[in-house]
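# Structural characterization, general
Residues per chain, in single letters:
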Amino acid sequence: MNELLEISENHPERLSNNVVTRPITQECLFPVLSFIAGPGEIAYWAELKMAFEWFGMKMPPIMPRLNITILERSVESDLRELGLDLQGVLVSGTKAEKDEYLRSIKNESIEAQFQKTKAQVKQNYELIEELTMKEVHALLPMLKKNEDLLIRQIDFMENKIQKSIQQKHEVIIMKYEKAENSLRPGGVPQERVWNVLYYLNKYGMNFLEELIEYSFHFDGTHKVIKI
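These lines cover the structure that appears in this document, whether it is placed above or below. All residue numbers here refer to positions counted from 1 along the written sequence of the relevant chain. Since the coordinates come from a predicted model, pLDDT governs what is reported: local features require at least 70, and pairs of side-chain atoms require 80 or more to be given and counted, while whole-chain, interface and lining totals use all residues. Processing note: side-chain calculations cover all non-hydrogen atoms of the structure and skip hydrogens and water entirely.

Let's shift gears to the pairing of strand β3 (residues 68-71). Buried means the residue's accessible area, taken with a 1.4 Å probe over protein chains only, is under 20% of the maximum for its type, while exposed means over 50%, and partly exposed covers the values in between. Strands here are runs of E lasting at least two residues and helices are runs of H or I lasting at least four, both read from the DSSP assignment and numbered beginning at the N terminus. The two faces of β3 match: Ile68 and Ile70 on one face and Thr69 and Leu71 on the other face are all buried. In this description, strands pair whenever DSSP reports at least two bridges between them. Inspection of the sheet shows β3 paired to strand β4 (residues 223-226) by 4 bridges, in the parallel sense. Within β4, the residue paired with Thr69 across the bridge is Val224.

See the structure below:
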């Protein structure tokens, strides 16, 4: 402790703030009317009240920062065509709706026939296994391996057929994926994944200037900007 006090007194440049002490230092150095924070920052600032009180300070009011999603015209068109609710996609993505669509185009007759075929193969191999056990017991592991190989091949063929069916609906499937990748990529908000360079490259260097011309209200609601 004494060493830290000596360093802070004589060599303060050797010290830096961490996530806990930075807010307190900030409040000491600057007149903070309000601290604008993201969801993660608000979560840990909520734990700092006693730290401020320990230093005889009041925590400044915390305001949630703006949460903005850029909605491109082509994506909006896809949402409309797919019958997807924008708010629902912003919250949950499109996976559930996409999976439901995939189930709807799946050929159940083909699936049922392959299931029936696999059941017949397993039943027949059970009979072969009984005979093998009596005659050549040592070959049972090879027989089981052979059965597993046939089942995998049947599954492989079924998947190939079902994927070929999906390819006929690839345009619609891609619309689900495009909407999710644009609005909730990887299951997280757009702002955590998409870099501004994408929009600058596509819409020009004036994109940011046009964006800041909008009048935003810090009311805690999520903003959607259509471009």
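The subject of this paragraph is the packing of aromatic side chains. Within 6.5 Å between ring centres, the rings of Phe, Tyr and Trp (the latter by its six-membered ring) count as paired, and their orientation is classed by plane angle as stacked under 30 degrees, edge-to-face over 60, tilted in between. Scanning all chains against the criterion turns up 9 aromatic pairs. A ring pair is formed by Trp54 and Phe55, whose centres lie 5.0 Å apart and whose planes are at 80 degrees; its orientation type is edge-to-face. A relative accessible area of 71% means that Trp54 is categorised as exposed. Classification of Phe55 as partly exposed rests on a relative accessible area of 47%. Residues Tyr203 and Phe207 carry aromatic rings whose centres are separated by 6.2 Å and whose planes lie at 25 degrees to one another, so their mutual orientation is stacked. Residue Tyr203 is classed as partly exposed on the basis of its relative accessible area of 35%.

Another aspect to go through is the pattern of salt bridges. Side chains that differ in charge, positive against negative, can pair when their charged atoms come close. For salt bridges, the criterion is a side-chain nitrogen of Lys or Arg within 4 Å of an Asp or Glu carboxyl oxygen. Within the structure shown, the criterion is met by 14 salt bridges. Between Glu53 and Lys49 there is a salt bridge, and its shortest N-O distance comes to 2.4 Å. Pair noted here: Glu53 and Lys49 are both in helix α4 (residues 49-54), with a separation of 4 residues, about one helical turn. Here the residues in one salt-bridge network are Asp78, Glu81, Lys175 and Lys178, joined through shared partners.

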